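Observations on chain architecture
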Amino acid sequence: MWPGPYGEWGSRKYLLASLDQSLHRMGLDYVDIFYSHRFDPDTPLEETMGALDSAVRQGKALYVGVSSYSAQRTHEAHAILAGLGTPLLIHQPSYSMLNRWIEADLLDALGELGMGCIVFSPLAQGMLTDRYLHGIPQDSRAAQNGSLNRKLLSDEALERIRALDEIARSRGQTLAQLALAWALRDPRVTSALIGASSVGQLETNVGALARLDFTPDELAEIDRYAIDSDINLWAASSSS
């Protein structure tokens, strides 16, 4: 958030100072959920979780969560906060048809701990939309070397994305709607974060709720093309 050793990561000083500044900018007294957005390998987890506990006790956050933590670190964080008397409410991991890392063990951990799961980037930085079905537009995120590396949109990847689009069409959905419905298919996934640059995009995304059911054959067909595609920009944190 700012230059210097306390401008990022998970120290008590950074977390509480950044929360104070965010509240000031937003003109709010508190937030509903305050997250530790990535595990800090250089700060004791007890310090990071202690800062989250302090935010709740100071009335600056109602609940706390973590993001991009591994299953092991999630268990550890949950135990620390439970000892302090503040529940670890929710985990915010990246998850999509092209980024399935949470299926290995994190979802099991969240189910065991009774934590919610609100997935982010379910559209894989825009790859799971109609944006790239016919190539890379000049005004797109990939073309402008943004958070989506155009190398990820290889011919092989685009073939898989087009195949998923065909499945979506057979269900009467857009590719984005299919991607969102698929991300929500597991009951351990509480919700999905969506980004929209227009009211039209928002309405289209919300339309995913009209068709959340999947047949076993549909899921099997999706699995043929829903393959990890190196889109997980936060892998370093969740593997720590």
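Note: the structure precedes this text.
Cut-offs used in this document
- Residues numbered from 1 in each chain as written.
- Predicted model: local features only at pLDDT ≥ 70, side-chain atom pairs only at ≥ 80, totals over all residues.
- Heavy atoms only, no water.
- Helix = DSSP H or I, 4+ residues; strand = E, 2+ residues; numbered from the N terminus.
- Rg over C-alpha atoms; globule rule 2.2 N^0.38 Å.
- Buried < 20%, exposed > 50% of the residue type's maximum accessible area, 1.4 Å probe, protein only.
- Contact = heavy atoms within 4.5 Å.
- Areas by Shrake-Rupley, 256 points an atom, 1.4 Å probe, with all protein chains shown as cover.
- Pairing = 2+ DSSP bridges.
- Right-handed = clockwise from strand over helix to strand, strands pointing away.
- Polar contact = N/O pair within 3.5 Å; in protein donor to acceptor, adjacent residues only side chain to side chain.
- Axes fitted to C-alpha atoms, helices over the stretch in contact; angles between N-to-C directions.
- Core = buried A, V, L, I, M, F, W, Y, C linked by side-chain atoms within 4.5 Å.
- Parallel < 35°, antiparallel > 145°, perpendicular 65-115°, else oblique.
- Left-handed = near helix turned anticlockwise from the far one by under 90°.
- Nonpolar A, V, L, I, M, F, W, Y, C, P; charged D, E, K, R; others polar.
- Salt bridge = Lys/Arg side-chain N within 4 Å of Asp/Glu carboxyl O.

**Topic: the overall build of the chain**
Of regular secondary structure, the chain possesses 9 helices and 5 strands. Going from N to C terminus, the chain has its helices and strands arranged as α-β-α-β-α-β-α-β-α-α-β-α-α-α. On C-alpha atoms alone, the chain measures out to a radius of gyration of 19 Å, which is about the 18 Å that the 2.2 N^0.38 rule sets for 240 residues. Structurally, the chain occupies a C-alpha span of about 50 × 40 × 30 Å along its principal axes. Per-residue burial over the chain gives 48% buried out of 240 residues. Within the chain, counting contacts between residues at least 6 apart in sequence, those at least 24 apart form 71% of the total. As displayed, the chain has an accessible area near 12,100 Å², and 51% of this comes from carbon and sulfur atoms.

**Quick notes on the pairing of strand β3 (residues 88-92)**
Within a regular beta strand, the side chains point alternately toward one face of the sheet and then the other, so they alternate between its two faces. In terms of residue burial, β3 counts as a mostly covered element, since 4 of its 5 residues are buried. Strand direction decides the pairing type here: strand β2 (residues 61-67) and β3, joined by 4 bridges, are parallel. Following the sheet pairing, V66 is matched in β3 by H91. Crossover handedness for the path β2 to helix α3 (residues 71-84) to β3: right-handed. The parallel pair β3 and strand β4 (residues 116-119) is bridged by helix α4 (residues 106-113), and the resulting crossover is right-handed.

**Overview of the side chain of D53**
Residue position: D53 is located in helix α2 (residues 45-57). Engagement of the side chain of D53 in a polar contact is seen with the side chain of T86, the distance being 2.5 Å. Excluding residues within four positions of it along the chain, D53 makes contact with L81, L84 and T86.

**Quick word on the sheet that holds β3**
Within the open sheet, the 5 strands sit side by side as β1-β2-β3-β4-β5. Their pairing is parallel. What marks the edges here is a single partner per strand, and that holds for β1 (31-36) and β5 (191-192). Judged from the 5 bridges that link them, β1 and β2 form a sheet pairing that is parallel. Bridge pairing links V31 to A61 in β2. Against the sheet, α3 makes contact with β2 and β3, and its axis sits at roughly 155° relative to β3, the strand it touches most.

**Points about the nonpolar core**
Ranked by internal contacts, the top residues of the largest apolar core, which has 65 residues, are M49, M97 and I222. For M97, the contacting residues outside a window of four places in its chain are L128, L164, L178, A179, W182, I222, A226 and I227.

**A look at the packing of α2 against α3**
Relative orientation of the contacting elements α2 and α3 amounts to 50°, with a least axis distance of 9 Å. Judged by the inter-axis angle, α2 sits oblique to α3. Here α2 runs over α3; the crossing is right-handed. For the pair formed by α2 and α3, the contact residues are L45, E46, M49, G50, D53 and R57 on the first element and R73, E76, A77, I80, L81 and L84 on the second. The residue inventory of the contact of α2 with α3, partitioned by class, reads 6 nonpolar, 1 polar and 5 charged.

**So, the pattern of salt bridges**
In total, this model carries 15 salt bridges according to the counting rule given. Residue D108 pairs with R188 through a salt bridge whose shortest N-O separation is 2.7 Å. Of this pair, D108 sits in helix α4 while R188 sits in the loop between α6 (175-183) and β5; the two residues are 80 residues apart in sequence, bridging distant segments of the chain. Residue R188 is classed as partly exposed on the basis of its relative accessible area of 30%. Of the charged contacts in the structure, one is a salt bridge between R169 and D165, with a shortest N-O distance of 2.9 Å. Pair noted here: R169 and D165 are both in helix α5 (residues 155-170), with a separation of 4 residues, about one helical turn. We classify R169 as exposed; its relative accessible area is 56%. Its relative accessible area of 8% is what places D165 among the buried residues. A cluster of three or more residues bridged by salt bridges with shared partners is formed by R100, E103, R185 and D223.

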